[in-house]
Amino acid sequence: MAEIPKSYDPQGVEQRWYDLWVSSGCFKGVVDPSRESFAVMIPPPNVTGVLHMGHLLNNTLQDIMVRRARQEGKSALWLPGTDHAGIATQSRVEKELKQKEGRSRHDLGREKFLVRASEWRDRHGGIILSQLRKLGASCDWDRTVHTLDAGYSEAVLQAFVTLYERGYVYRGKRMVNWCPVSQTGLSDEEVVMKPSKGQLFRMRYEVADEPGTWLEISTTRPETIPGDTAVAVHPDDERYRRLIGKYVWRPFPRARIPIVGDTAVDREFGTGVLKVTPAHDRTDFEIGRRHSLPVLDVMNPDGTMSPDAGPLAGMERFKARIAAAKLLEELGCLVKTEPYENTVGFSERADVPIEPRLSEQWFIRYPKIEEAKRAVTSGIIRFHPERWTKTYLHWLDNIQDWCVSRQLWWGHRIPVWYRKGADRNDPANRHVSLTAPSDPAGWEQDPDVLDTWASSWLWCLATIGWRKPGVTTPELAHWYPTGALATGPDIIFLWVARMIIAGLELHGPERKNLTDDEIRARVPFHRVYFNGIIRDKLGRKMSKSLGNSPEPLDLIAKFGADGLRFGLLSIAPKGQDILFDEDRVAQGRNFCNKLWNAARFRQMSGPMANNSDLGAVISRLVPASLDDDDFAILHGLAELTDSTNRNLADHEFTAYAQGLYSFFWGDFCDWYVEASKSRLADPALRDSCLAVQDLVLRQFLLMLHPVAPFISEELWHLLGYGGTEDFIQRHHTGTGGELLKALRVHGIKPAASKVTAVASLREFVASVRALKSQAGQATRRDAVVSVQAKDGAARASLESARDKVCRLAGLSAVEFTDDLGGRPGAVTPLGTVSLDVGSNVDIAAERTRIGKELEKLEKAVSAGESKLSNEAFVSKAPAQILEGARRQLEESKARRDELARMLAALG
RNA sequence: GGUCGCGUAGCUCAGUUGGUUAGAGCGCUGCAUUCACAUUGCAGAAGUCACAGGUUCAAGUCCUGUCGCGACCA
């Protein structure tokens with residue numbers, strides 16, 4: 001075996017193993033019906049995207065699940081891919097086109113533009129997938145899918161056609177969210193509500209039939225005044241009821257518009273009078289419909305004012321707002337202007353306020369809403385943390401039809417052709433199919449494309465071969481439904497809920513209602529893990545403009561992929577936002593280094609022996625030469641095995657990482673290895689002791705592997721647990737019970753009582769160290785203590801562990817006495833211990849120290865006494881608790897008395 | 001306005017069916033470097049578990065209310 005360098009250097013190790021894993025086919029998903037399947041589909045990142053902190057965490061979690069599944073012998077698949085990201089990609093390509101050539105996509109034309117966009121994607125896209133390799137992501141790269149791939153596209157269009165045929169798709173003129181920058185409609189889910197500071201304009205309209213009578217109206221959007229076709233008041237509003245049916249003068253362009261009564265008016269808002277602009281507001285549109293008002297569109301698709309806007313025509317919408325206010329003032333219609341804050345919908349992609357706009361769009365009425373709810377409420381799909389269930393159900397309860405058409409070119413073109421010159425809203429004039437009509441000359445295809453989410457909602461299906469309902473593939477049959485989905489709660493509606501709906505409706509033949517068994521077979525996954533959003537140290541969202549987002553690849557280079565993964569995991573409270581702190585990642589790096597050095601110590605402590613499998617290692621243990629520490633660490637190892645199994649199964653990733661950390665660092669390195677040093681010096685005991693280390697390291701590496709794949713693989717081979725090509729992913733720890741059984745068969749029974757004995761000894765050593773530290777003797781190795789042992793057993797225990805204690809506490813001798821007299825010391829579970837400091841006792845300091853501890857114990861004693869003198873407690877508390885309380889009180893009393901005696905003796 | 005979450009050491013957070021003296025990491029203070037590891041070790045200081053009620057023999061944990069913070073939906 002090669003000598004292990006002094007500190008862990010991840011760089012070379014990571015690259016070497018990653019290449020070997022890939023070339024050996026470690027990540028390949030193999031359809032093997034004889035094994036349980038476990039698939040994870042990566043949440044497809046935008047093809048234009050680069051790796052950010054959120055991806056690191058999200059993909060680490062997926063990698064953990066998949067690597068774990070491989071260790072468990074499942075036929076695992078982690079399928080990678082990217083999303084074409086309609087708006088994002090198209091606007092970037094358009095921007096580049098504009099900058100480099102000063103041309104727009106219209107100058108280029110659809111065909112050429114799409115070629116450009118594809119080239120752009122091939123050149124810049126998919127960076128993120130290569131970056132994921134640096135993280136150690138064990139994706140089956142041969143199966144990488146892009147949403148615009150031919151097969152995937154076929155699935156997307158087929159889904160649309162199928163839903164059309166089943167009556168869930170319709171076309172209509174509706175109010176949609178319009179993004180003036182991208183110039184496309186958006187779904188409600190792509191609109192982000194933001195509080196915005198603006199102004200509230202209070203203006204007055206003169207009642208036409210009663211000159212001199214004015215109605216005061218409040219608005220935040222005076223630029224839409226030219227589109228007003230009425231004003232509305234609440235029909236029960238005493239102030240205005242008599243005016244309903246009369247007319248007011250719209251100030252510009254001046255026109256008589258009616259006053260209508262409508263219950264949608266909020267009497268409390270402003271003056272209780274509403275200007276009604278049916279073309280530019282959802283509520284107003286509804287009011288307009290109820291009162292048959294004309295719809296006057298005063299805005300162009302690009303956000304400038306249309307010719308119908310009269311004096312505002314041609315202006316940009318926000319300039320028009322200022323101009324409108326000025327105009328009102330000139331006309332004497334402006335009463336006052338006040339600062340106002342309200343929430344405004346912004347386009348998620350372009351980050352500009354959206355305009356409610358009337359346009360022809362395609363909509364999907366969601367199928368299987370009932371089943372989608374039942375899938376989660378019945379536990380067929382489980383959310384972690386569970387509380388997101390409510391959010392999910394609330395959305396389904398208030399679900400709105402989905403506007404799926406986008407006025408873009410980059411995407412899946414809507415598979416609908418219209419008969420030229422005919423009424424498009426008459427289904428007879430439509431051809432809805434994956435293929436063009438047989439007489440193309442008479443038809444024209446819908447120019448729009450589908451919402452990107454209308455392709456990614458098929459992700460779990462179409463990535464493994466779904467092309468139409470009822471037709472399956474070996475991959476689909478094997479891996480669908482997938483094992484788990486890991487994603488952020490921010491896309492619970494955009495993606496998670498829609499995938500569930502898509503699976504329920506499209507995976508299988510058409511059914512009106514589904515049974516629970518059918519739901520179970522059709523859902524895309526059985527578990528969803530929602531990871532938190534990563535924020536900076538101050539709780540702000542990571543963003544490029546704030547410059548508070550560290551470069552992931554730099555972090556990997558600096559701390560190692562394993563360190564980063566471990567660090568991220570240990571700070572990721574489930575479902576809660578995560579405040580990123582580089583110090584935590586450093587902690588992960590440190591942990592890897594600690595592990596590295598523990599392995600290094602093992603190597604330096606003696607020759608390597610047969611580590612080829614668990615049985616070989618166990619057979620090297622010599623039961624007769626094991627001591628309490630061996631039993632305790634083996635017992636702890638078995639417990640860690642069980643808690644690791646449990647935590648991973650429950651998606652308790654933080655607890656998983658913390659369990660590994662405290663066992664390895666606290667129990668194994670700080671105690672076991674240190675304690676075993678004296679035995680390692682004894683040739684008679686050495687080999688068995690090394691075998692224990694080999695056993696612990698082996699099992700520990702197996703448990704660590706999902707979160708720290710590189711270092712675990714490296715050490716797995718360096719320490720001889722697996723030969724060439726015998727990767728750690730092929731092995732598993734089994735359960736703690738199985739480990740204990742294997743030990744028992746070999747004549748070793750790690751009992752819990754040994755753990756208690758070791759704990760007492762650890763406490764004793766800690767007390768001695770504290771006494772030495774207190775006395776300024778911390779560095780001395782020749783200190784001497786006197787012990788008044790609690791009883792014979794305690795004395796025997798200390799005597800048998802004398803070497804160990806001397807080494808760990810830095811003592812040259814432990815002397816036993818029946819009476820410590822008045823010497824100051826510390827009370828431990830094994831007895832009272834006093835440091836021999838000659839005549840240099842700092843009486844005052846000792847008095848303070850002991851006094852303080854005494855005070856604590858007094859409190860504990862009185863609390864215990866009052867508890868035990870409480871009749872109700874004694875009669876009602878379970879025996880175990882009662883017994884515990886009694887024992888604790890006795891211990892507290894004994895310690896208190898001992899300390900009191902000591903204090904008294906100090907004078 | 002509605003829903004959900006959070007409030008525990010200076011900071012970030014654990015604390016999973018209520019049960020012994022509430023833990024960790026970081027930070028801070030002191031000590032240690034021919035010892036596997038200074039990416040280290042040892043020790044120490046530091047908490048009215050937001051507040052107020054209630055249920056219970058027993059509450060950080062359950063219930064109600066209040067305050068503060070955050071997210072999502074209107």
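Details of the structure are given in the entry above.
Summary of the structure given here. Remember, it's a predicted structure, so these values are computed and weren't measured experimentally.

Overview of the protein's contact with RNA strand B
Surrounding RNA strand B, one finds 46 residues, the nearest of these being Q587, N597, R600, W665 and K876. Backbone atoms, meaning sugar plus phosphate, form 70% of the atoms of RNA strand B positioned within 4 Å of the protein. Here a sugar or linking oxygen of RNA strand B sits 3.1 Å away from a polar atom, N or O, in the side chain of N590. Within the side chain of Q888, a nitrogen or oxygen atom sits 2.6 Å from a sugar or linking oxygen of RNA strand B. Mapped by element, the contributors of at least two residues to the surface near RNA strand B are α11 (388–397), α19 (582–605), α22 (653–680), α26 (752–774), α30 (871–876) and α31 (879–905). Of the residues contributing to the surface near RNA strand B, the split by class is 16 nonpolar, 14 polar and 16 charged.

Quick word on the nonpolar core
Core analysis: the biggest nonpolar cluster contains 172 residues, and Y392, L458, F664 and L704 have the highest contact counts within it. Looking at which element gives the most residues to this core, the answer is helix α23 (residues 683–704), with 12 residues. In this structure L458 touches Y152, A155, V156, A159, T463, W466, A502 and L506, once residues within four positions along its chain are discounted.

Comments concerning the state of the cysteines
Inspection of the entire model under this criterion finds zero disulfides. Of all cysteine sulfurs, the one in C139 lies closest to C26, which takes part in no disulfide; the gap is 14 Å. Unpaired in terms of disulfides, C179 finds its nearest cysteine sulfur in C403, a separation of 13 Å.

Considering the sheet that holds strand β20 (residues 443–445)
Strand pairing in a sheet is mediated by backbone hydrogen bonds. Such pairs are either parallel or antiparallel. Pairing in this open sheet of three strands is antiparallel, and the strands run β19-β18-β20 from one edge to the other. What marks the edges here is a single partner per strand, and that holds for β19 (430–432) and β20. Each strand axis lies, on average, 25° off the axis of its neighbour in the sheet, ignoring direction. As paired strands, strand β18 (residues 416–419) and β20 are joined by three bridges and run antiparallel to one another. Paired with R419 across the bridge in β20 is W443.

Examining the sheet that holds strand β15 (residues 382–384)
The sheet built from three strands is open, its strands ordered β15-β23-β22 with parallel pairing. Each having just a single partner strand, β15 and β22 (485–487) make up the two edges of the open sheet. Across the sheet, the axes of successive neighbouring strands diverge by a mean angle of 15°, strand direction being ignored. Here β15 pairs with strand β23 (residues 527–530) via three bridges, running parallel.

A short note on the packing of aromatic side chains
Evaluated as defined, the whole model comprises 31 aromatic pairs. On the numbers, 6.1 Å between centres and 85° between planes, the contact of F591 with F664 is edge-to-face. With F591 in helix α19 and F664 in helix α22, the pair connects residues that are 73 residues apart, well separated along the chain. We classify F591 as buried; its relative accessible area is 1%. Since its relative accessible area comes to 0%, F664 is described here as buried. Through a chain of ring-to-ring contacts, the aromatic side chains of F566, F591, Y661, F663, F664, W665, F668, Y672 and F700 assemble into a single cluster. The ring centre of W141 lies 3.8 Å from the NZ or CZ of R133, which sits over that ring. In this structure, R174 is placed above the aromatic ring of F363, and the distance from its NZ or CZ to the ring centre is 5.9 Å.

Rules of the game
- Throughout this document, residue positions are counted from 1 along each chain, in the order its sequence is written.
- Lettering of chains starts at A and numbering of ligands starts at 1, both following the order in which they are written.
- Restriction of local features to residues with pLDDT of at least 70 applies here, the model being predicted, together with a cutoff of 80 or more for giving and counting side-chain atom pairs; totals for whole chains, interfaces and linings are based on all residues.
- The side-chain quantities take in all heavy atoms of the structure and omit both hydrogens and water.
- Summary of the distance rule: residues count as near a molecule or strand when at least one heavy atom falls within 4 Å of that molecule or strand.
- Think of a polar contact as two N or O atoms within 3.5 Å of one another; within protein, one of them needs to be a possible hydrogen donor and the other a possible acceptor, and neighboring residues in sequence only count if both atoms come from side chains.
- Each helix is a run of H or I in the DSSP string that is no shorter than four residues. Each strand is a run of E no shorter than two, and both are numbered from the N terminus.
- In this count, Pro and Cys sit with the nonpolar residues alongside Ala, Val, Leu, Ile, Met, Phe, Trp and Tyr, while Asp, Glu, Lys and Arg are called charged and the others, Gly among them, polar.
- Among buried residues, the Ala, Val, Leu, Ile, Met, Phe, Trp, Tyr and Cys ones that are joined through side-chain atoms within 4.5 Å form a nonpolar core.
- Burial classification: accessible surface area is computed with a 1.4 Å probe over protein chains only, and a residue below 20% of its type maximum counts as buried, one above 50% as exposed, and the rest as partly exposed.
- Throughout, a residue-residue contact means that at least one pair of heavy atoms, one from each residue, lies within 4.5 Å.
- By convention in this document, the label disulfide applies to cysteine sulfur atom pairs within 2.5 Å.
- Think of it this way: DSSP has to see at least two bridges between two strands before they count as a pair.
- Convention adopted: a line fitted to C-alpha atoms gives each axis, helices being fitted over their contacting stretch, and angles between N-to-C directions are expressed from 0 to 180 degrees.
- The pairing test for Phe, Tyr and Trp rings, Trp by its six-membered ring, is centres within 6.5 Å, and the orientation test on the planes gives stacked under 30 degrees, edge-to-face over 60, and tilted for anything in between.
- Only lysine NZ and arginine CZ atoms are considered, and such an atom sits over a ring when it is within 6 Å of the ring centre and within 35 degrees of the ring normal.

Everything listed is a geometric property; what it means functionally is a separate question.
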